[in-house]
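Here are the chains, one letter per residue:
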Amino acid sequence: MTVENEVEAGELRAWIGGHRADMLADLAAYVSLETPSNDKTLLDAGLDWLDGYLEARIGRPAATRRIDGGARGDIGGRGDGGVYGDVRINDYPGRGGAPILLLAHYDTVWPAGTLRSWPFTLDGDRATGPGVFDMKAGLVQLVWALRALESAGLPRPPLRLLLNGDEEIGSPASRPLIEEAAREAAAVLVFEASADGALKTARKGVGIFHLAFTGVEAHAGLEPAKGASAIDELARAVRWLHDLADPGAGTTVNVGVVSGGTGSNVVAGAARAEVDVRVASRAEADRVDAALAGLRPHDPRASIEVRGGWNRPVMERGPGTARLFALASAVALDMGLDLCECSVGGASDGNFAAALGLPVLDGLGAVGAGAHARHEHISVDGMIERAALTAGILGAMAAEG
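Let us look at the structure shown here.

Reading across the sheet, the four strands line up as 11-13-9-14 and stay open at both edges, with antiparallel pairing between neighbours. Across the chains shown, the open sheet's two edge strands, defined by having one partner strand only, are strand 11 (252-260) and strand 14 (303-312). Neighbour-to-neighbour, the strand axes of the sheet open up by a mean angle of 15°, direction not taken into account. Two strands pair when backbone bridges link them, and strand 9 (residues 205-214) and strand 13 (residues 270-279) are joined in this way by 10 bridges, in the antiparallel orientation. In the strand pairing of strand 13, Leu211 is matched with Ala273.

To continue, consider the sheet that holds strand 7 (residues 187-190). Judged by pairing direction, the sheet is mixed, and its six strands sit side by side in the order 1-2-6-3-7-16 without closing on themselves. Pairing within the sheet leaves two strands with one partner each, and these edge strands are strand 1 (63-67) and strand 16 (360-361). Its contacts with the sheet place helix 11 (residues 380-400) against strand 3 (100-105), strand 6 (159-164), strand 7 and strand 16, and it is angled at close to 175° to strand 7.

Position of Arg156 relative to the elements: it lies in the loop between helix 5 (132-152) and strand 6. One buried charge, Arg156, has no salt-bridge partner; the nearest side chain with opposite charge is Glu150, at 5.9 Å. In this structure the side chain of Arg156 is engaged in a polar contact, spanning 3.4 Å, whose partner is the backbone oxygen of Pro93. The residues touching Arg156, leaving out its near neighbours within four places in the chain, are Tyr92, Pro93, Gly94, Arg95, Leu146, Leu149, Leu394 and Ala398.

This paragraph deals with the packing of aromatic side chains. Given two aromatic rings, one states the distance between the centres and the angle between the planes to describe the pair. Under the defined criterion, the tally for this structure stands at five aromatic pairs. Between the aromatic rings of Trp49 and Tyr53, the centroid separation amounts to 5.0 Å while the plane-to-plane angle is 10°, which identifies the pairing as stacked. With Trp49 and Tyr53 both in helix 3 (residues 40-58), this residue pair falls four residues apart, about one helical turn. Residue classification places Tyr53 among the buried residues on the basis of a relative accessible area of 8%. An angle of 90° between the planes, with centres 5.6 Å apart, marks the rings of Phe209 and Trp310 as edge-to-face. Taken as a pair, Phe209 in strand 9 and Trp310 in strand 14 lie far apart in primary sequence, 101 residues in all. Given the relative accessible area of 4%, Phe209 is considered buried. According to the relative accessible area criterion, Trp310 is partly exposed, its value standing at 23%.

This brings us to the environment of Val83. Note on placement: Val83 falls in the loop between strand 1 and strand 2 (87-92). Take Val83: its relative accessible area is 31%, and that puts it in the partly exposed class. For the pair Val83 and Gly70, spaced 13 residues apart in sequence, the C-alpha separation works out to 5.0 Å. When sequence neighbours within four positions are dropped, the list of residues in contact with Val83 reads Ser37, Asn38, Lys40 and Ile169.

Put simply, helix 9 (residues 319-334) and helix 11 touch, their axes get as near as 9 Å, and they point 120° apart. Here helix 9 lies oblique to helix 11, going by the angle between them. Viewed along their axes, helix 9 and helix 11 form a crossing whose handedness is right-handed. Residues Leu324, Leu327, Ala328, Val331 and Ala332 of helix 9 form the contact with helix 11, whose participating residues are Leu389, Gly392, Ile393, Ala396, Met397 and Glu400. Among the residues making up the contact of helix 9 with helix 11, the classes are represented as nine nonpolar, one polar and one charged.

The next thing to look at is the pairing of strand 7. Of the two faces of strand 7, the one carrying Ala187 and Leu189 and the one carrying Val188 and Val190 are both buried. For strand 3 and strand 7, the ladder comprises four bridges, and the chain directions are parallel. Of the residues in strand 7, the one forming a bridge with Leu102 is Leu189. Sheet topology places strand 7 next to strand 16; two bridges connect them, and they run parallel. Along strand 16, the bridge assignment pairs Leu189 with Leu361.

For residues besides glycine, phi is generally negative; the peptide bonds are generally trans as well. Following Asp134, the chain continues to Met135 via a peptide bond in cis, the omega torsion being -5°. Within the element layout of this structure, Met135 appears in helix 5. Located in the positive-phi region is Asp196, a residue other than glycine, with phi close to 55°. On the secondary structure map, Asp196 appears in the loop between strand 7 and strand 8 (199-203). With a relative accessible area of 75%, Asp196 lands in the exposed category. One non-glycine residue with positive phi stands out, namely His372, at about 65°.

Criteria and thresholds
Residues numbered from 1 in each chain as written. Predicted model: local features only at pLDDT ≥ 70, side-chain atom pairs only at ≥ 80, totals over all residues. Heavy atoms only, no water. Pairing = 2+ DSSP bridges. Helix = DSSP H or I, 4+ residues; strand = E, 2+ residues; numbered from the N terminus. Axes fitted to C-alpha atoms, helices over the stretch in contact; angles between N-to-C directions. Contact = heavy atoms within 4.5 Å. Buried < 20%, exposed > 50% of the residue type's maximum accessible area, 1.4 Å probe, protein only. Lys, Arg positive; Asp, Glu negative; His and termini not counted. Salt bridge = Lys/Arg side-chain N within 4 Å of Asp/Glu carboxyl O. Polar contact = N/O pair within 3.5 Å; in protein donor to acceptor, adjacent residues only side chain to side chain. Phe/Tyr/Trp six-rings, centres within 6.5 Å; stacked < 30°, edge-to-face > 60°. Parallel < 35°, antiparallel > 145°, perpendicular 65-115°, else oblique. Left-handed = near helix turned anticlockwise from the far one by under 90°. Nonpolar A, V, L, I, M, F, W, Y, C, P; charged D, E, K, R; others polar.

In C-alpha cells, the structure reads:
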C-alpha cells in the first residue's frame with residue numbers, strides 16, 4: 001500500500017464515522033424486520049425491504065435476479081415443503097474483469113414475535129436485537145463501505161451481491177445458486193460476523209447424519225432371547241461414533257439426539273440417532289464417510305441405515321485465500337489495525353465457494369458476540385471500523401485490477 005492509500009484509508013474511516021447516526025438508523029430498521037428462516041411471508045417482506053434499501057443507498061444494479069426459494073420444492077428430502085427464502089443476486093459495475101462475489105444472508109434463527117420482548121436497543125457502543133450480530137450488521141457495513149468509496153471517488157471491482165434467506169437451515173435452496181455465482185467470480189467476501197474481530201480463513205465441513213436402527217421386538221420377560229434390541233445397537237454405535245473423533249486432526253463427532261423403544265418391558269424394535277460431524281480437511285471427511293459405510297449391527301438380526309451427508313464442505317485455507325488475507329492485512333495496517341485470522345468449527349456459505357477453489361475471506365461482518373443467543377450484540381465502533389476495512393479491501397482489489 002502506498003502513502004496515498006494510507007491517507008485514503010484514514011479518510012474512508014473518517015467519512016464513515018461521520019455517518020454513524022445514519023448507519024445506526026439503517027441497522028435499527030433492518031433488525032426491526034423479523035426474518036425467521038421458516039416464515040416465507042416474513043422473509044419475502046424482508047427481502048422486499050432490502051431491495052428498496054439497496055437501491056436507495058447504493059443505486060440500481062446493472063442486472064438483478066430474484067429466485068423464488070419457496071417454489072423450488074422439497075429440496076434434499078428435508079420434508080418441510082420447500083419453505084425457503086428467496087435469493088436475490090445483484091450485479092454492480094466496476095473496474096476489472098471477473099466480479100467479486102459478496103455473500104450475505106437475511107434470515108435469522110429467531111422466531112416471529114421475538115421483537116416484542118427484545119427490540120433493537122442501543123446502549124452506548126453496544127447494539128442488541130435479534131440477528132444484529134448474525135448477520136444483519138454485516139450487510140449494513142458493506143453498504144456503507146460502498147458509499148464511502150463512491151464519496152471518495154475511488155474505484156471498486158465489479159461486484160455480485162448474493163442475498164439468501166435459508167442460510168440458517170443449511171442453504172438447501174441457495175446452495176446451487178451460490179456455487180453458480182462463485183464459478184464466475186475472482187474471489188469471495190463473506191459478511192458473516194467476525195470471531196472477536198478476526199477474519200475467518202478456514203472453516204470446518206459439517207456433516208449431519210441420521211441413523212435408523214431396526215431390531216426385533218419381543219417380550220422382555222417372557223421371550224427376551226427372541227428379540228434383537230435396536231437400543232442395544234444404538235448404544236454400541238454411539239460409543240463407536242464418538243471413537244471416530246480425532247481432535248488432533250480437527251474432527252469432532254457429537255451424537256446429539258437419540259430415541260427409541262416403546263416400553264420398558266419390550267425389546268426395542270426401533271431406535272434413531274442424529275449425529276453432527278465436523279472435519280477440518282477433505283481427507284477426514286473421506287475417512288468418516290468410509291467408516292459410516294462400514295457400520296454393521298452387532299446382532300445380525302438387526303439392521304442400521306445411515307442417511308444424511310455433508311451439509312457444507314470444508315473451507316480450507318488455500319494459497320488464494322492466504323493472498324487475500326495478506327491484502328486485507330495490509331489495508332488494516334494502513335488503518336492502524338492489527339488484523340488476525342482464525343479457523344472456526346462453524347460453517348457458512350463461504351464453504352461452498354471455497355470447495356470450488358475460490359479464494360474466500362469470511363468474517364468481514366460485525367464485531368461482537370452472542371450468535372443465536374439472547375445476549376447477541378455488536379459494537380457500533382466496530383461497525384465503522386469494519387466498513388472502512390471493507391472499503392479499503394475493495395479499493396485495493398480494484399487497484400490490483
